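Each chain, letter by letter, is given below.
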Amino acid sequence: MIMPARDGLSGIQRLFNPDDVIVRACLEGILGKVSALFDREGKPVSARTIVGDFCHLAGEANPALLRGLPTATERPNLILIPEGRAWEALIESEFAGRFARFPRYATARDPAAFDRERLAGFVKKLPVFYGIRPIDRALHRAALAQEWSRDLCSNFPSWDAWQAFGAGFVVLKEGEPVCGAASYAASSDAIEIEIDTRADHRRRGLARAAAAKLILACLDRGVYPGWDAANRESLALAEQLGYRPGREYPAYSVSGARIPDGRPKR
């Protein structure tokens, strides 16, 4: 049977990639929803997590977990992440003629890979007339009020929840946010970085400076700054910041969802 799965999560955890921060945020009860299918002995055999725009699917491929997903109206950018070829085949069968497949790029988890001096240098190279500040209550509210910056904070249900688990910085010009780097999701010992820049301020080094500032803050706190790239441009930025490439893997959108564009968005 399919059911919400808050009990017995240890059995569900083994079905997923243990390094995926978004999945762990869900399984730790911080964000999102997890559902599972169990065998007659109560052992989880299939599971899905939904956090923000990401639906991860693991264990035995079963079409029951492809039902009841957020609608295109609720989540126009929903991305399906299958764990294994069987899930890929099932998605392509269930959504025949309605899906698009595209690559994403994981980075290797290696806290020792970062050069603090180099990162600090990127922050110092922030162009003149721009400043950088940690996200406080007012900036949290400002981020949620604009479409380009909403994903910096929107996965957390409230300011209190974001303050407890999230982290982030915004770049401002004349007091107005124009770029940000923040936690798209957070687990007990890591965050998943989200970067967004307003269209009229891109390609000025703002995203690199904001990301460097956030990575340094995470390292100071003993929190790993996870980076999973939506495209090669995002991966190139990650490598500038010290990340090492991990694996390329497939992701899917279905009708009503947009394919990620070419700008660095995580």
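Look above for the structure.
Calculation notes
Residues numbered from 1 in each chain as written. Predicted model: local features only at pLDDT ≥ 70, side-chain atom pairs only at ≥ 80, totals over all residues. Heavy atoms only, no water. Buried < 20%, exposed > 50% of the residue type's maximum accessible area, 1.4 Å probe, protein only. Helix = DSSP H or I, 4+ residues; strand = E, 2+ residues; numbered from the N terminus. Arc of directions from axis to C-beta. Contact = heavy atoms within 4.5 Å. Polar contact = N/O pair within 3.5 Å; in protein donor to acceptor, adjacent residues only side chain to side chain. Phe/Tyr/Trp six-rings, centres within 6.5 Å; stacked < 30°, edge-to-face > 60°.

Caption draft 1: Molecular detail of helix 4 (residues 116–124). Of the residues making up helix 4, those classed as buried are Leu119, Phe122 and Val123. The buried side chains of helix 4 occupy one side of the element, clustering within an arc of 100° when seen end-on. Seen from the open side of helix 4, the exposed residues pointing more than 90 degrees away from its buried face are Glu117 and Lys124. Where the residues of helix 4 are buried, they touch helix 7 (206–221) and helix 8 (232–241). N-cap assignment for helix 4: the residue whose side-chain oxygen lies 3.1 Å from the backbone N of glutamate 117 is aspartate 115.

Caption draft 2: Layout of unusual backbone geometry. Although it is not a glycine, phenylalanine 129 sits at a positive phi angle of roughly 80°. On the secondary structure map, phenylalanine 129 appears in the loop between helix 4 and strand 7 (130–134). Positive phi values are uncommon outside glycine, yet glutamate 174 reaches one of about 55°. Among the structural elements, glutamate 174 can be located in the loop between strand 8 (168–173) and strand 9 (176–186). The exposed category is assigned to glutamate 174, whose relative accessible area is 79%.

Caption draft 3: The packing of aromatic side chains, seen in detail. Inspection of every chain in the model, using the stated rule, returns 6 aromatic pairs. Look at phenylalanine 114 and tyrosine 224: their rings are 6.2 Å apart centre to centre, the planes differ by 50°, and that puts the pair in the tilted class. Separated by 110 residues along the polypeptide, phenylalanine 114 in the loop between strand 6 (99–107) and helix 4 and tyrosine 224 in strand 11 (residues 224–226) bring together distant segments of the chain. With a relative accessible area of 6%, tyrosine 224 lands in the buried category.

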